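Here's the letter readout for the chains.
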Amino acid sequence: MLGFELSEPATLDEAFDLLADGDPGVRPMGGGTALMLMMKAQIFKPERLVSLRNVGGCFDGLRIDADQSHIRIGGMTTFAEIERSPMVLQHLPAVVRTMKTLANIRVRHVASVGGNLAHADPHLDLPPVWMAHAASIRIVSKSGERVIPVEDLFAGYYETTLGDGELIGEVIVPVRPEWTSTYVKVTTRSAHDWPALGIAVSANLQGQRVNDLRLVLSAALDRPTRLDAAENELRGSDLSEAALKRAGEAAVAEADIHSDSRGSAAYKQHLLRVHLSRAMHSLAGA
Ligand SMILES: Cc1cc2nc3c(=O)[nH]c(=O)nc-3n(C[C@H](O)[C@H](O)[C@H](O)COP(=O)(O)OP(=O)(O)OC[C@H]3O[C@@H](n4cnc5c(N)ncnc54)[C@H](O)[C@@H]3O)c2cc1C
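Rules used in this analysis
Residues numbered from 1 in each chain as written. Predicted model: local features only at pLDDT ≥ 70, side-chain atom pairs only at ≥ 80, totals over all residues. Heavy atoms only, no water. Helix = DSSP H or I, 4+ residues; strand = E, 2+ residues; numbered from the N terminus. Rg over C-alpha atoms; globule rule 2.2 N^0.38 Å. Buried < 20%, exposed > 50% of the residue type's maximum accessible area, 1.4 Å probe, protein only. Contact = heavy atoms within 4.5 Å. Areas by Shrake-Rupley, 256 points an atom, 1.4 Å probe, with all protein chains shown as cover. Lys, Arg positive; Asp, Glu negative; His and termini not counted. Charge placed at Lys NZ, Arg CZ, Asp CG, Glu CD. Core = buried A, V, L, I, M, F, W, Y, C linked by side-chain atoms within 4.5 Å. Domains from an automatic or database assignment. Near = heavy atom within 4 Å. Polar contact = N/O pair within 3.5 Å; in protein donor to acceptor, adjacent residues only side chain to side chain. Nonpolar A, V, L, I, M, F, W, Y, C, P; charged D, E, K, R; others polar. Pairing = 2+ DSSP bridges. Phe/Tyr/Trp six-rings, centres within 6.5 Å; stacked < 30°, edge-to-face > 60°. Lys NZ or Arg CZ within 6 Å of the ring centre and 35° of its normal.

Peer 1: I keep staring at the overall build of the protein chain and nothing clicks. Help me out?
Peer 2: Assigned secondary structure in the protein chain consists of 11 helices and 14 strands. Compactness check: the protein chain gives a C-alpha radius of gyration of 19 Å against a globular reference of 19 Å for 286 residues, within 12% of the reference. For the protein chain, the spread of C-alpha atoms along the principal axes amounts to about 60 × 45 × 35 Å. Here the protein chain holds 286 residues, and 52% of them are scored as buried. Across the protein chain, the fraction of contacts at a sequence separation of at least 24, relative to all contacts at a separation of at least 6, is 60%. Taken as a whole, the protein chain presents about 12700 Å² of accessible surface, with 51% of it coming from carbon and sulfur. Distance between charge centres in the protein chain, computed from 29 positive and 35 negative side chains, equals 7 Å.

This is how it looks when you write it as structure tokens:
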């Protein structure tokens, strides 16, 4: 690995100044777990990394709004902090369950929520879970801030819609007590491999009736993607085998699934039909 400068600004303004020149060799750093792998492989050769560890403000901590309507997770919050938070466990249990098979404890202690989203690897476990929960992100820059739904962050394979000098400050997740959620990580080579596909589902159910839902597919395509047609097959229906079959076929028709070393497109389409149905059954039984 080549030499580089590591800056650790104490304020956000200082961080913006250090990042401002638009130089591709200068990057923000969250936990550094993805950056270090890219640097070791010499895919990325930085001149300077700007750590966001000490910038504070919305980047830090985990809190719930006074009216209990939203949970706010700072961009520098580590996965281990989320995993151990009684508040997240109470309101977003599927997020805590997702952590159990995400990387390993060493990575979870340093990897950050903001870095994870900005990395935009379609195989990552958390982005589809945030999308199923209808989460948004606060993007901050020297010229101001904007809030967008998580799904609007992803532009393609490892590509985001973040502009130069824009940082992910926090993730904002609505608290929806009447919804239940799950994430299914389907691996085809070993339990700890990257997923061949990930399916995240949040649903508002009344017995077997689906009042509303959000279905997200990841890993098998270039970015985590809402399955609108499959959602439409299930919204307002009972969870009958016929409705689930229609939803599975709609999902396969609308998702541009890729073949890769974890399976052919046809195999992953079959996995999608099977695991979508199982995920809905598991929520209805929850
Ligand atoms: C051994 C290993 C196993 C793993 N297994 C899994 C797994 O099973 N499931 C899974 O989902 N992931 C897994 N990962 C990937 C891991 O989740 C990511 O590496 C991690 O989430 C990236 O977060 P980070 O904070 O370390 O990002 P960094 O490496 O710091 O940054 C990643 C990218 O985001 C940019 N960036 C960082 N912070 C911000 C910010 N706040 N705003 C804007 N841009 C920012 C950086 O410039 C860089 O481009 C694994 C990683 C390793 C090393």
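Peer 1: What am I meant to see in the nonpolar core here?
Peer 2: Proteins that are soluble and globular tend to have nonpolar side chains buried together. Judged by nonpolar contacts, the single largest core of 34 residues is most densely connected at Val95, Leu117, Trp130, Ile137 and Val171. Mapped onto this core, the elements with two or more residues apiece are strand E5 (70–74), helix H3 (79–83), helix H4 (86–91), helix H5 (93–99), helix H7 (113–119), helix H8 (126–132), strand E6 (136–141) and strand E10 (167–174). It is H8 that provides the largest number of residues to this core, a total of 5 residues. Composition of this core by domain shows at least three residues from each of domain 2 (58–174) and domain 3 (180–285). Excluding anything up to four places from it in sequence, Val171 contacts Ile71, Arg72, Ile73, Val113, Leu117, Trp130, Ala135, Ser136 and Ile137. Core analysis: the second largest hydrophobic core is formed by 33 residues, Val201, Leu213, Leu244 and Leu276 among them.

Peer 1: So what exactly am I meant to see when it comes to the site of the ligand here?
Peer 2: By nearness alone, 30 residues border the ligand, and Pro28, Gly31, Thr33, Ser112 and Asp125 come closest of all. Within the backbone of Gly31, an N or O atom sits 2.7 Å from an oxygen atom of the ligand. Here an oxygen atom of the ligand sits 2.9 Å away from a polar atom, N or O, in the main chain of Ala103. About the coverage of the ligand: the protein hides 89% of its 970 Å² of free accessible area. Within the residue set of the shell around the ligand, elements represented by two or more residues are strand E2 (26–29), helix H2 (33–40), H7 and E10. Looking at the shell around the ligand residue by residue, the class counts come to 18 nonpolar, 9 polar and 3 charged. In this structure, the shell around the ligand is formed jointly by two domains, domain 1 (5–51) and domain 2 (58–174), each of which donates at least three residues.

Peer 1: Sorry if this is basic, but what is going on with the pairing of strand E12 (residues 197–206) here?
Peer 2: Among the 10 residues of E12, 9 are classified as buried, and the element is accordingly described as predominantly covered. Judged from the 9 bridges that link them, E12 and strand E13 (residues 209–218) form a sheet pairing that is antiparallel. Bridge pairing links Gly198 to Ser218 in E13.

Peer 1: In this structure, what is going on with the environment of Arg262? I would like to understand it.
Peer 2: Secondary-structure assignment places Arg262 in the loop between helix H10 (241–254) and helix H11 (265–285). Classification of Arg262 as buried rests on a relative accessible area of 13%. Spatially, the C-alpha atom of Arg262 lies 5.5 Å from that of Ala196, the residues being 66 residues apart in sequence. The residues touching Arg262, leaving out its near neighbours within four places in the chain, are Thr188, Arg189, Asp193, Trp194, Pro195, Ala196, Tyr267 and Lys268. Polar side-chain contacts of Arg262 include one of 3.0 Å to the side chain of Asp193.

Peer 1: Sorry if this is basic, but what is going on with the packing of aromatic side chains here?
Peer 2: The description of an aromatic ring pair uses the distance of the two centres, along with the angle that the planes make with each other. Evaluated as defined, the whole model comprises 1 aromatic pair. Ring centres of Tyr157 and Tyr158 lie 5.0 Å apart, and the angle between their planes is 85°; on these two criteria the pair is classed as edge-to-face. For Tyr157, a relative accessible area of 48% translates into the label partly exposed. The aromatic ring of Phe44 is capped on one face by Arg27, whose charged end is 4.2 Å from the ring centroid. Taking NZ or CZ as reference, Arg176 lies 3.8 Å from the ring centre of Trp179, over its face.

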